[in-house]
Amino acid sequence: MCGIVGYIGKNGAKDILLDGLSKLEYRGYDSAGISVLNKKITTVKAKGQLKNLVSKCEKVDLNGNVGIGHTRWATHGEPSDINSHPHLSMSGKISVVHNGIIENYEELKSNLIKDGVKFVSETDTEVLPHLIEKNYNGDLLDAVIKTTKALKGSYALGIISEDEPDKIIAVRKDSPLIVGLGNGENFIASDIPAILKHTKEVYLLNDNEFVILKKDSVKLVDFDKNEIKRDVYKVDFDDTAAQKGGFDHFMIKEIYEQPQAIKSTLNARVAKGEKIVLDNIGADDLKDISRVFIVACGTAYHAGLVGKTAIERLSGIPVDVDIASEFRYRNPILDKNTLVMVISQSGETADTLAALRLAKEHGCKTFAITNVVGSSVSREADFVFYTHAGPEIAVASTKAYITQLIALYIFALYMAQDKNYVEKSVLEDVKSELLTLPEKVKEALKTDDAAKKIADDIYKETDIFYLGRGLDYAVAMEGSLKLKEISYIHSEPYAGGELKHGPIALIEKGTVVIALNTNNELKGKMESNIKEVVTRGAYIVGILPEGFTDIGESYDKIIKIPDTIPLLAPVTAVVPLQLLSYYVAIKKGCNVDKPRNLAKSVTVE
Ligand code: F6R
């Protein structure tokens, strides 16, 4: 979703802003713009890719050491030059970038129109510079504080003014924003990669904190202008982690980073023969939990479906899995013995965050699995499990998903270790096998060639089905999502036994079916389901463990993955599916890292 960058310092703002925006492209956007302040504010905006903005900027004098920039993912008003940010006040003296949605903008807008304000865009954001100008009485901070008091909705804001050229004012509520601390220069940004070239020291902001960003100082204050002290957070990855590092795309780089990412998730948490200890969770903190809700969106939701089986099988605690946007409006039955676990790579997904808040209102204990240190869910949940996968830049989630699975297995073992639902030796076996997964995923990456060849065969298809039973079905859902989001091929996942209740009507000669069959106990049943579609002419690509040798003749193509126990098979099985989606999208010439219409961090409802 929208990305914000702001700079004040000794260097030219333009290049720093454009470079910072390029690091936020992964969030998804459809237009971009910058304002640079040098006595006067000069603003350049362009619909489409950042390169359009860069070439427009070449033709304009944008000298100046203060500026704000924005990549916009349209919500109110179509993508266009006019609707792009920054937005200016009537006098042109105040410029604003905004990430989020102003829910009461219509009311604010009609009042401003009555005051004679002329709007030029269709956006909700444009009310902000006009309101700030109306509230300005010689102090920009005061005007911003007064303005935010009138707002409903979510916002991260960066504001500059010709009347106070020595500062940027920023504030966040329910939308991400960080401050980068430099030497004689300071920054604001929606995410760390935007400023990592310049500094690894940041302030992570909380909601309703205002920032007065000057060249040599950064001050945080609350609504009453009381100063807030904040520890400096030192970023533990560098600029290269957010670069492609020799790979053609971030997605394939991140797929190949999975063995290391899994190691980082396991690190210091799981060791043979030792109890699992989780950061900041006391021995008794979760002992009364009688029910778990896992709540998430998209890929993270798919990880949750695997987590359900792991937690139930190992600990005997019943688990429900919900899509966050449904959970928050369906009046779920929650109590203080319910643990609500949210899973979110970004930690900023609006629906997931709202679900977490709802759970807290009901007195539930809350647990967040997230990849982003200091993200909103990490700060609001009672307990946090960081996946430590490193920055995930490609919009399609891969290493975040696989590390969410690992986090869920660890959590399941943690909940099980003081219960006698399954024998201790079973838990030890799962633990030992979990520790082999970095190597097994490395092995699974050797399916690369096979996936590429199959991609060559199937990339012209318009409909592809994914089939699986049990955990394979959960992985089928993830494989299908991966394919559709980056290759735009229509795809549907089905539980093997469900096909004959309707969807089998869609199977005809040549229909491609990706069939996952990794669990010995379900193998026979799954083979019957595969036969049902083979009989109707389907072309079957099987994902099978090495150990399955008597595989019959139903498969047209087979990809073999390393053997593991069925409970952990999603980790190895998803790898060829990720690779297959990637190569299909490449073959089709799609923009793999930035698929159309999608945003990496969905910070609006
Ligand atoms: C798909 C994908 C999305 C996200 C979803 C939740 O590849 O990335 O489905 O999983 O938008 O995002 P987070 O995990 O940041 O809450």
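To keep things clear, this report deals only with the structure shown in the data block. (Residues numbered from 1 in each chain as written. Predicted model: local features only at pLDDT ≥ 70, side-chain atom pairs only at ≥ 80, totals over all residues. Heavy atoms only, no water.)

Take the overall build of the protein chain next. For the protein chain, the count of helices and strands is 18 helices and 25 strands. Compactness check: the protein chain gives a C-alpha radius of gyration of 25 Å against a globular reference of 25 Å for 605 residues, within 12% of the reference. Taking the principal axes of the C-alpha coordinates as reference, the protein chain spans close to 80 × 55 × 45 Å. A buried classification covers 61% of the 605 residues belonging to the protein chain. Within the protein chain, contacts between residues at least 6 apart in sequence are counted, and of these 72% link residues at least 24 apart. As displayed, the protein chain has an accessible area near 23300 Å², and 48% of this comes from carbon and sulfur atoms. The protein chain carries 75 positive and 84 negative side-chain charges, and their two centres are separated by 2 Å. (Helix = DSSP H or I, 4+ residues; strand = E, 2+ residues; numbered from the N terminus. Rg over C-alpha atoms; globule rule 2.2 N^0.38 Å. Buried < 20%, exposed > 50% of the residue type's maximum accessible area, 1.4 Å probe, protein only. Contact = heavy atoms within 4.5 Å. Areas by Shrake-Rupley, 256 points an atom, 1.4 Å probe, with all protein chains shown as cover. Lys, Arg positive; Asp, Glu negative; His and termini not counted. Charge placed at Lys NZ, Arg CZ, Asp CG, Glu CD.)

Packed helix pairs are characterised by how far apart their axes lie and by the angle those axes make with each other. For the pair helix H16 (residues 471-487) and helix H18 (residues 569-587), interaxial distance at closest approach is 9 Å and the crossing angle is 20°. With respect to their mutual orientation, H16 and H18 come out roughly parallel. Judged by the twist between their axes, the crossing of H16 over H18 is right-handed. Taking contact as the criterion, the partners of Leu471, Val475, Glu478, Gly479, Lys482, Leu483, Ile486 and Ser487 in H16 are, on H18, Pro570, Ala573, Val574, Leu577, Gln578, Ser581, Tyr582, Val584 and Ala585. Residue composition of the contact of H16 with H18, by class: eleven nonpolar, four polar and two charged. (Axes fitted to C-alpha atoms, helices over the stretch in contact; angles between N-to-C directions. Parallel < 35°, antiparallel > 145°, perpendicular 65-115°, else oblique. Left-handed = near helix turned anticlockwise from the far one by under 90°. Nonpolar A, V, L, I, M, F, W, Y, C, P; charged D, E, K, R; others polar.)

This part takes up the site of the ligand. The local shell around the ligand holds 13 residues, among which Ser344, Gln345, Ser346, Thr349 and Glu485 are the closest. One nitrogen or oxygen atom from the main chain of threonine 299 is found 3.1 Å from an oxygen atom belonging to the ligand. With respect to the ligand, the backbone of glutamine 345 contributes an N or O atom lying 2.6 Å from an oxygen atom. In isolation the ligand has 400 Å² of accessible area, and contact with the protein removes 90% of it. Secondary structure elements with two or more residues in the shell around the ligand: helix H8 (298-315) and H16. (Near = heavy atom within 4 Å. Polar contact = N/O pair within 3.5 Å; in protein donor to acceptor, adjacent residues only side chain to side chain.)

On to the nonpolar core. Within soluble globular proteins, side chains that are nonpolar tend to cluster in buried spots. Leu53, Phe367, Leu434 and Ile514 are the most contacted members of the largest nonpolar core, which totals 127 residues. Apart from residues no more than four positions distant in its own chain, phenylalanine 367 is found in contact with Leu278, Ile281, Leu339, Val340, Met341, Val342, Ala381, Phe383, Phe385 and Phe411. In terms of nonpolar packing, the next biggest core, distinct from the first, is built from 26 residues, Ile102, Leu112, Leu140 and Tyr155 among them. (Core = buried A, V, L, I, M, F, W, Y, C linked by side-chain atoms within 4.5 Å.)

Mapped onto the fold, glycine 182 is located in the loop between strand E9 (178-181) and strand E10 (186-189). Linking glycine 182 and aspartate 320, residues 138 residues apart in sequence, is a C-alpha distance of 46 Å.

Over its twelve residues, helix H13 (residues 424-435) extends 17 Å from the first C-alpha to the last, a length consistent with the 16 Å expected when each residue adds 1.5 Å. Of all the residues in H13, the buried ones are Leu427, Val430, Lys431, Glu433 and Leu434. Looking down the long axis of H13, one finds its buried residues gathered within 165° of arc, a one-sided arrangement. (Expected span 1.5 Å × (residues − 1). Arc of directions from axis to C-beta.)

In space, the eight strands of this open sheet follow the order E3-E2-E4-E1-E10-E9-E11-E15, with antiparallel pairing throughout. Looking at the sheet topology across the chains shown, the edges are occupied by strand E3 (40-47) and strand E15 (233-234). The pairing of strand E2 (residues 31-38) with E3 spans eight bridges and is classified as antiparallel. Looking across to E3, one finds that asparagine 38 is bridged to lysine 40. In this fold helix H1 (residues 13-23) packs onto strand E1 (3-8), E2, strand E4 (66-72) and E10, with an angle of close to 155° to the strand it touches most, E2. (Pairing = 2+ DSSP bridges.)

The element E4 is largely enclosed, with a buried count of seven among its seven residues. Residues Val66, Ile68, His70 and Arg72 of E4 are buried on one face, and the alternating residues Gly67, Gly69 and Thr71, pointing to the opposite face, are buried as well. In this structure, E1 lies alongside E4, joined through six bridges in antiparallel fashion. Bridged to glycine 6 within E4 is isoleucine 68. Pairing geometry for E2 and E4, over seven bridges, is antiparallel. When the bridges of E4 are listed, alanine 32 appears paired with threonine 71.

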